[in-house]
Amino acid sequence: VQLVESGGGLAQAGDSLRLSCAASGFTFSRAAMAWFRQAPGQDREFVAHISRNDGSTDYADSVKGRFTISRDNAKNTVYLQMNSLKPEDTADYYCAADLGTVVASRDALHAYDYWGQGTQVTISS
């Protein structure tokens with residue numbers, strides 16, 4: 001199983017970035033997917049979630065209206081479009097896959113079976 005994030009980098013406040021997470025080794029269409037982030041010295045926190053069935057989405061309040069999660073099951077890829085970026089969005093961003101093995105809240109780390117290695121996002125003011 002692999003989850004490989006890409007698309008991170010350095011941007012200025014107000015800019016946009018699009019993160020991608022390419023999945024392999026499991027049936028992607030059967031997995032709910034999510035993005036989390038971890039800032040230096042902080043706990044990993046939930047950012048966004050997309051369901052396995054109807055593609056419904058959910059967001060942390062801090063990114064609602066600015067970030068959009070989407071998925072392309074034909075490409076086994078989940079995306080995070082990040083607009084109106086702020087310095088406080090600076091973090092390592094991780095994608096995660098939930099195959100339903102654990103019943104847990106979608107914002108709980110232990111709900112997810114697989115994790116990527118992360119991609120760094122740095123936003124300057």
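See the structure printed just above.
If you're wondering where the values come from, they're calculated on a predicted model, not measured in any experiment.

### Section: the sheet that holds strand β3 (residues 17–24)
Phase 1: One open sheet accounts for four strands, arranged β1-β3-β8-β7; its pairing is antiparallel. Edge positions in the sheet fall to β1 (2–6) and β7 (67–72), since each has one partner strand and no second. When strand polarity is set aside, the average angle formed by the axes of neighbouring strands in this sheet is 15°.

### Some words on the environment of Tyr79
Phase 1: Position of Tyr79 among the secondary structure elements: in strand β8 (residues 77–82).
Phase 2: Judged by relative accessible area, Tyr79 falls into the buried class, the value being 12%.
Phase 3: Between the C-alpha atoms of Tyr79 and Ser24, which are 55 residues apart in sequence, the distance is 15 Å.
Phase 4: Apart from residues lying up to four places away in sequence, Tyr79 is in contact with Arg18, Leu19, Ser20, Trp35, Thr68, Ile69, Ser70 and Asp72.

### Digging into the state of the cysteines
Phase 1: If you walk through the whole model with that rule in mind, you get one disulfide.
Phase 2: A disulfide bridge connects Cys21 with Cys95, and the sulfur atoms are separated by 1.9 Å. Here the S-S torsion is close to 45°, and the disulfide linking Cys21 with Cys95 is therefore right-handed. Placement of Cys21 in strand β3 and of Cys95 in strand β9 (residues 91–98) is noted, with a sequence separation of 74 residues between them.

### Details of the packing of aromatic side chains
Phase 1: Tallied over the entire structure, the rule returns five aromatic pairs.
Phase 2: Ring-pair connections join several aromatic residues into one group, and the members of that group are Phe36, Phe46, Tyr112 and Trp115.
Phase 3: Positioned over the ring face of Tyr94 is Arg44, at 3.6 Å from the centre of the ring.
Phase 4: Its end group placed over the ring of Trp115, Arg44 keeps NZ or CZ at 5.0 Å from the ring centre.

### Some points on the nonpolar core
Phase 1: By size, the foremost hydrophobic cluster in this structure holds 35 residues, and its most contacted members are Trp35, Val78, Leu80, Met82 and Tyr93.
Phase 2: Breaking this core down by element, the ones donating at least two residues are β3, β4 (32–38), β5 (45–50), β7, β8, β9 and β11 (119–124).
Phase 3: With five residues, the single largest contributor to this core is β9.

### Some thoughts on the pattern of salt bridges
Phase 1: If you walk through the whole model with that rule in mind, you get five salt bridges.
Phase 2: Across the salt bridge formed by Arg37 and Glu45, the nearest N and O atoms sit 2.7 Å from each other.
Phase 3: Taking the relative accessible area as the measure of exposure, Arg37 reaches 5% and is therefore buried.
Phase 4: Glu45 gets classed as partly exposed once you look at its relative accessible area, which sits at 37%.
Phase 5: Bridged by salt links that share partners, the residues Arg37, Glu45, Arg66 and Asp89 form one connected network.

Cut-offs and rules
Residues numbered from 1 in each chain as written. Predicted model: local features only at pLDDT ≥ 70, side-chain atom pairs only at ≥ 80, totals over all residues. Heavy atoms only, no water. Pairing = 2+ DSSP bridges. Helix = DSSP H or I, 4+ residues; strand = E, 2+ residues; numbered from the N terminus. Axes fitted to C-alpha atoms, helices over the stretch in contact; angles between N-to-C directions. Buried < 20%, exposed > 50% of the residue type's maximum accessible area, 1.4 Å probe, protein only. Contact = heavy atoms within 4.5 Å. Disulfide = S-S within 2.5 Å. Phe/Tyr/Trp six-rings, centres within 6.5 Å; stacked < 30°, edge-to-face > 60°. Lys NZ or Arg CZ within 6 Å of the ring centre and 35° of its normal. Core = buried A, V, L, I, M, F, W, Y, C linked by side-chain atoms within 4.5 Å. Salt bridge = Lys/Arg side-chain N within 4 Å of Asp/Glu carboxyl O.

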